[in-house]
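# Remarks on the overall topology
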Amino acid sequence: REKVEITKEQRALMKAIVDAYNRHQIPQDVAKKLLQEQYSPEENFLLLTEMATSQVQVLVEFTKNIPGFVSLDREDQIALLKGSAVEAMFLRSAQVFSRKMPSGHTDVLEERIRKSGMPEEFMTPMFNFYKSIGELHMVQEEQAILTAITILTPDRPYVKDHQAVERLQESMLVVLRKLCVLQHPQELQYFARLLGRLTELRTLSHYHAEMLTSWRMNDHKFTPLLCEIWDVQ
Ligand SMILES: O=C(NC1CCCCC1)[C@H](C1CCCCC1)n1c(-c2ccc(-c3ccccc3)s2)nc2ccccc21
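Residues numbered from 1 in each chain as written. Predicted model: local features only at pLDDT ≥ 70, side-chain atom pairs only at ≥ 80, totals over all residues. Heavy atoms only, no water.

Let's shift gears to the overall build of the protein chain. Each helix and strand in the protein chain was counted, giving 11 helices and zero strands. Listed by position from the N terminus, the elements making up the protein chain come as α-α-α-α-α-α-α-α-α-α-α. A compact globule built from 233 residues would reach a C-alpha radius of gyration of about 17 Å, and the protein chain, at 18 Å, matches this within 12%. The C-alpha extent of the protein chain, read off along each of the three principal axes, is 55 × 45 × 30 Å. Counting every position in the protein chain, which comprises 233 residues, the buried fraction comes to 49%. Across the protein chain, contacts joining residues at least 24 apart in sequence account for 76% of those joining residues at least 6 apart. Carbon and sulfur atoms form 55% of the exposed surface of the protein chain, whose accessible area is close to 12100 Å². (Helix = DSSP H or I, 4+ residues; strand = E, 2+ residues; numbered from the N terminus. Rg over C-alpha atoms; globule rule 2.2 N^0.38 Å. Buried < 20%, exposed > 50% of the residue type's maximum accessible area, 1.4 Å probe, protein only. Contact = heavy atoms within 4.5 Å. Areas by Shrake-Rupley, 256 points an atom, 1.4 Å probe, with all protein chains shown as cover.)

Here it is in structure tokens:
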């Protein structure tokens with residue numbers, strides 16, 4: 001049994017990230033809205049674009065609080081945000097979906113999402129991902145650090161200083177691994193399973209543009225920010 005200890009610096013790094021993560025929650029709770037009624041595909045599309053726009057703003061604020069991020073090359077900062085925004089959206093959606101809710105609410109939420117207007121063929125991979133995230137029962141520290149690790153992925157398109165990003169991501173991975181050993185002592189390989197979700201997340205995110213353009217409605221309107229982030233229009 002390895003003796004795992006989180007150093008003072010690592011605790012400070014974790015606290016900075018968790019505080020930022022909690023400070024930047026999504027304003028209104030989308031799950032609550034969806035549980036109220038089944039909206040039309042048009043209303044759901046609008047809801048998604050509103051949620052996504054505010055989530056990108058939240059993501060920028062969160063990212064600025066990741067120690068070392070603002071000292072990265074400016075263009076690399078943009079490349080990392082652009083490259084991770086969709087994954088961060090799916091990761092946050094998975095966390096929203098996996099939240100403890102009164103019995104039956106999750107089923108209603110799933111039903112509402114299935115009928116939201118998104119094309120059928122993406123439902124299975126998407127809900128498989130949501131359920132695999134839910135099964136991990138991540139504590140909020142793990143959720144926050146996993147989001148930071150997703151953002152600090154060195155091999156995003158157009159990142160120039162690969163090494164600088166790798167160094168920042170590395171320090172997050174070290175903390176996350178220790179946290180996993182401390183929080184889930186019984187589950188060996190919990191850390192490995194957690195990182196495996198990032199692979200599933202990247203695969204799921206490949207379909208995002210098609211999910212949006214084949215939303216069951218005519219005339220899909222995107223804001224300039226979302227055109228940039230979602231590679232649409
Ligand atoms: O509002 C949402 N997600 C917020 C994003 C920002 C962060 C908070 C969550 C949407 C709604 C789905 C139903 C219709 C309205 C929008 N949502 C999704 C998504 C499925 C597909 C999504 C997507 C993203 C990008 C590109 C292409 C597709 S998001 N999964 C959810 C699981 C639980 C609660 C809401 C959930």
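Positive phi outside glycine occurs at Gln189, with the angle close to 65°. Along the polypeptide, Gln189 turns up in the loop between α8 (162-183) and α9 (190-205). Not every positive phi belongs to a glycine, and Asp219 is a case in point at roughly 55°. Position of Asp219 relative to the elements: it lies in the loop between α10 (208-213) and α11 (224-230). Residue classification places Asp219 among the exposed positions, given a relative accessible area of 54%.

Near the ligand lie 22 residues; those nearest to it are Val30, Met51, Arg92, Ser93 and Tyr130. At 3.3 Å, a side-chain N or O of Ser93 approaches a nitrogen atom of the ligand. Tyr130 places a side-chain nitrogen or oxygen 2.7 Å from a nitrogen atom of the ligand. Mapped by element, the contributors of at least two residues to the shell around the ligand are α2 (30-36), α3 (41-64), α4 (74-98), α6 (123-135) and α10. Residue composition of the shell around the ligand, by class: 16 nonpolar, five polar and one charged. (Near = heavy atom within 4 Å. Polar contact = N/O pair within 3.5 Å; in protein donor to acceptor, adjacent residues only side chain to side chain. Nonpolar A, V, L, I, M, F, W, Y, C, P; charged D, E, K, R; others polar.)

Our focus in this paragraph is the packing of α4 against α6. Viewed as axis vectors pointing N to C, α4 and α6 meet at an angle of 65°, and their least axial separation amounts to 9 Å. α6 is crossed by α4, and the crossing has right-handed handedness. Here Phe90, Leu91, Ser93, Ala94, Phe97 and Ser98 of α4 come into contact with α6, specifically with Met126, Phe127, Phe129, Tyr130, Lys131, Ile133 and Gly134. The residue inventory of the contact of α4 with α6, partitioned by class, reads nine nonpolar, three polar and one charged. (Axes fitted to C-alpha atoms, helices over the stretch in contact; angles between N-to-C directions. Left-handed = near helix turned anticlockwise from the far one by under 90°.)

With that settled, consider the environment of Leu212. The residue Leu212 is located in helix α10 in this model. A residue is classified by how much of its surface remains accessible, and Leu212, at 5% relative accessible area, is buried. The spacing of Leu212 and Thr49 is 163 residues in sequence and 9.9 Å in space, taken between C-alpha atoms. Filtering out sequence-adjacent residues up to four positions away, Leu212 remains in contact with Phe45, Leu48, His220, Phe222, Trp230 and Val232.

For Ser54, the position within the fold is in helix α3. A distance of 3.1 Å separates the side chain of Ser54 from the backbone oxygen of Met51, its partner in a polar contact.

With 12 residues, helix α7 (residues 140-151) extends 17 Å between its outermost C-alpha atoms, agreeing within 8% with the 16 Å of an ideal straight helix rising 1.5 Å per residue. Taken together, the buried positions of α7 are occupied by Glu142, Gln143, Ala144, Ile145, Leu146, Thr147, Ala148, Ile149, Thr150 and Ile151. Of the surrounding secondary structure, the elements contacted by the buried residues of α7 are α1 (8-23), α3, α4, α8 and α9. (Expected span 1.5 Å × (residues − 1).)

Contact geometry of α6 with α9 gives a least axis separation of 10 Å together with a crossing angle of 155°. In this view, α6 runs roughly antiparallel relative to α9, as classed from their interaxial angle. Crossing hand, α6 versus α9: left-handed. Contacts from Pro125, Met126, Asn128, Phe129, Ser132 and Ile133 of α6 reach α9 at Arg197, Glu200, Leu201 and Leu204. Across the contact of α6 with α9, the residue classes break down as six nonpolar, two polar and two charged. (Parallel < 35°, antiparallel > 145°, perpendicular 65-115°, else oblique.)

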